[in-house]
Amino acid sequence: MNLRFGMMAAALALSVPALAQTKWDLPAAYPATNFHSVNLEQFARDVDKATGGKLKIQVHPNASLYKAPEIKRAVQQGQAQIGEILLVNFQNEWQIFGADGIPFLATSYDESMKLYQAQKPLLQKKLDEQGMMLLYTVAWPPQGIYTKRTLNSAADMKGLKWRAYSPATARVAELVGAQPVTVQAAELSQAMATGVVDSYMSSGSTGYDTKTYEHIKNWYDTQAWLPKNAVIVHKAAFNALDKSTQDALLKAAAEAETRGWNASKAENTRTKNLLKQNGMNIIEPPAQLKTDMKKVGETMLKEWLDKAGPDGKALVDAYRKL
C-alpha cells in the first residue's frame, strides 16, 4: 500500500510542472479601443490558446501601468516581461529608433514595410545588446497636421502651440517656427481642452481616439511618415520559457504583425471617414505647404544621417534598393 501511495505521489509530482503557469504584464500607451491595443489583446488570447494556458499575457492599455516613455526601460529592467513602445520616442537614445519618423522618407504602407525590412536587423541587434528581443511591429496610419488655422504654406505654422511626442515632431516644430510642447497620447485630449496645444501631427487614428474634432477642425493629409509600434520582450523572460511555449509566442507574434499592418490600413480609411462625420475638414495640402514640408523632411534626413553615422547610411541605402 505504501509503495502504491509513493508511486502515486511521484506521478503527481511529475505532473505539476505541466500545470505551471507563467503570467506576463504587457504595458501599452494607447486606449483599449485603439487598433494596436485590440491587436495586442488578440495576440494575448492566441498565446493563451496555443500554450494551453501555460503563458498568460495581461495587457495594460492607455499608459495604466507605465507611461509611454517608461515602457522600454521597464521591459529592459525586467519590471515588465513584455511591452509595446513607439520606436520614434527613443530616437535620442539611438538614432535608428527614429528612422520611421523622418518626414517624407517613407510615405505609404509599401514604403514603410520596406523601411522596416531595412531597419529590422539593426533593431534586433540593438535590442539584443540591451537584453531584449523584437517580437513584431505595426505601423500607424500616415501622419497629417491637425490645426485650427488655414495653412497655405509652412509660414502659416509660425507660433502654433505644437504637440510633440518624439524628437522628430519637436524638430518639425522648430523648423517651421512653432512652439513644441511634449504631450503623450494619453494626455492629448486634456492638453487640447485646456489650450496647452492647438496643433499637432499624427494619424487619423489618434485624431479620432482623442476626439480632436471637438477642439480642432482642420486635418491636412500630408502622409508625412508612418511611425511604428514595436512589441518587445525581456530576453531572460523569453529564455525561461520552454521551447514549445517560445515557438507558440513567436508564431502568435508573426500573425499579430500581419494582422496589425492590415488593421492599420483599414483604420486609416475608417478613422478618416469618422473624423469627417464628426465635422473635421480633411484637406489635401496646398502645393506650397507640400513643398515647404518636403524641405523640412530633407533637412531632417540630412541631420539624422549626420547623427546616425554609418548605420544610418546603410539603412537608408538598403531601403532605397528594396
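The structure this text deals with has already been given above.
Now for a quick tour of the structure.

Conventions and cut-offs
- Residues numbered from 1 in each chain as written.
- Predicted model: local features only at pLDDT ≥ 70, side-chain atom pairs only at ≥ 80, totals over all residues.
- Heavy atoms only, no water.
- Pairing = 2+ DSSP bridges.
- Helix = DSSP H or I, 4+ residues; strand = E, 2+ residues; numbered from the N terminus.
- Right-handed = clockwise from strand over helix to strand, strands pointing away.
- Axes fitted to C-alpha atoms, helices over the stretch in contact; angles between N-to-C directions.
- Parallel < 35°, antiparallel > 145°, perpendicular 65-115°, else oblique.
- Left-handed = near helix turned anticlockwise from the far one by under 90°.
- Contact = heavy atoms within 4.5 Å.
- Nonpolar A, V, L, I, M, F, W, Y, C, P; charged D, E, K, R; others polar.
- Core = buried A, V, L, I, M, F, W, Y, C linked by side-chain atoms within 4.5 Å.
- Buried < 20%, exposed > 50% of the residue type's maximum accessible area, 1.4 Å probe, protein only.
- Phe/Tyr/Trp six-rings, centres within 6.5 Å; stacked < 30°, edge-to-face > 60°.

### Some thoughts on the pairing of strand 6 (residues 161-164)
Regular strands have side chains that alternate between both faces of the sheet.
Part 1 of the reasoning: In terms of strand pairing, strand 6 meets strand 7 (residues 179-182) through four bridges, oriented parallel. In the strand pairing of strand 7, R163 is matched with V181.
Part 2 of the reasoning: In the classification by handedness, the crossover that spans strand 6, the intervening helix 5 (residues 167-176) and the parallel strand 7 is right-handed.
Part 3 of the reasoning: Two strands pair when backbone bridges link them, and strand 6 and strand 8 (residues 199-202) are joined in this way by two bridges, in the parallel orientation. Bridged to R163 within strand 8 is Y200.

### Re the packing of helix 4 (residues 109-129) against helix 10 (residues 287-321)
Packed helices, taken two at a time, are described by the angle between their axes plus the distance between the axes.
Part 1 of the reasoning: Remark: helix 4 packs on helix 10, axes separated minimally by 9 Å, with the N-to-C direction vectors making an angle of 140°. In terms of orientation, helix 4 lies oblique with respect to helix 10. Relative to helix 10, helix 4 is oriented so that their crossing is right-handed. Of the residues in helix 10, those in contact with E111, K114, L115, A118, Q119 and L122 of helix 4 are D311, L315, A318 and Y319.
Part 2 of the reasoning: Residue composition of the contact of helix 4 with helix 10, grouped by class: six nonpolar, one polar and three charged.

### Digging into the nonpolar core
Part 1 of the reasoning: Grouped together as the largest cluster of nonpolar side chains are 86 residues, with contacts concentrated most on F43, I57 and L249.
Part 2 of the reasoning: Among the elements that take part in this core, helix 10 stands out by supplying ten residues, more than any other.
Part 3 of the reasoning: In this structure, I57 is in contact with W24, L26, F43, A44, V47, I82 and L249, ignoring residues within four places of it in sequence.
Part 4 of the reasoning: Counting 13 residues, the second-largest nonpolar core is a separate cluster that includes L188, Y200, Y213 and L275.

### Some remarks on the environment of I282
Part 1 of the reasoning: Assignment of secondary structure puts I282 in strand 11 (residues 281-283).
Part 2 of the reasoning: Separated by 62 residues in the primary sequence, I282 and Y220 have C-alpha atoms spaced 6.1 Å apart.
Part 3 of the reasoning: Apart from the residues lying within four places of it in its own chain, the contact partners of I282 are W219, K272, L275 and K276.

### Details of the sheet that holds strand 6
Part 1 of the reasoning: Judged by pairing direction, the sheet is mixed, and its six strands sit side by side in the order 7-6-8-5-9-11 without closing on themselves. Each end of this open sheet is capped by a strand with a single partner; those strands are strand 7 and strand 11. Along the sheet, successive strands turn relative to each other by an average axial angle of 30°, direction set aside.

### Remarks on the packing of aromatic side chains
How two aromatic rings sit relative to each other is given by the distance of their centres and the angle of their planes.
Part 1 of the reasoning: Summed over all chains, the structure comprises eight aromatic pairs.
Part 2 of the reasoning: Summarising the aromatic geometry, the rings of Y146 and Y200 are spaced 4.6 Å apart at their centres and angled 25° between planes, so their arrangement reads as stacked. Of this pair, Y146 sits in strand 5 (residues 144-147) while Y200 sits in strand 8, placing them 54 residues apart in sequence.
Part 3 of the reasoning: Here Y146 falls in the buried class, since its relative accessible area comes to 0%.

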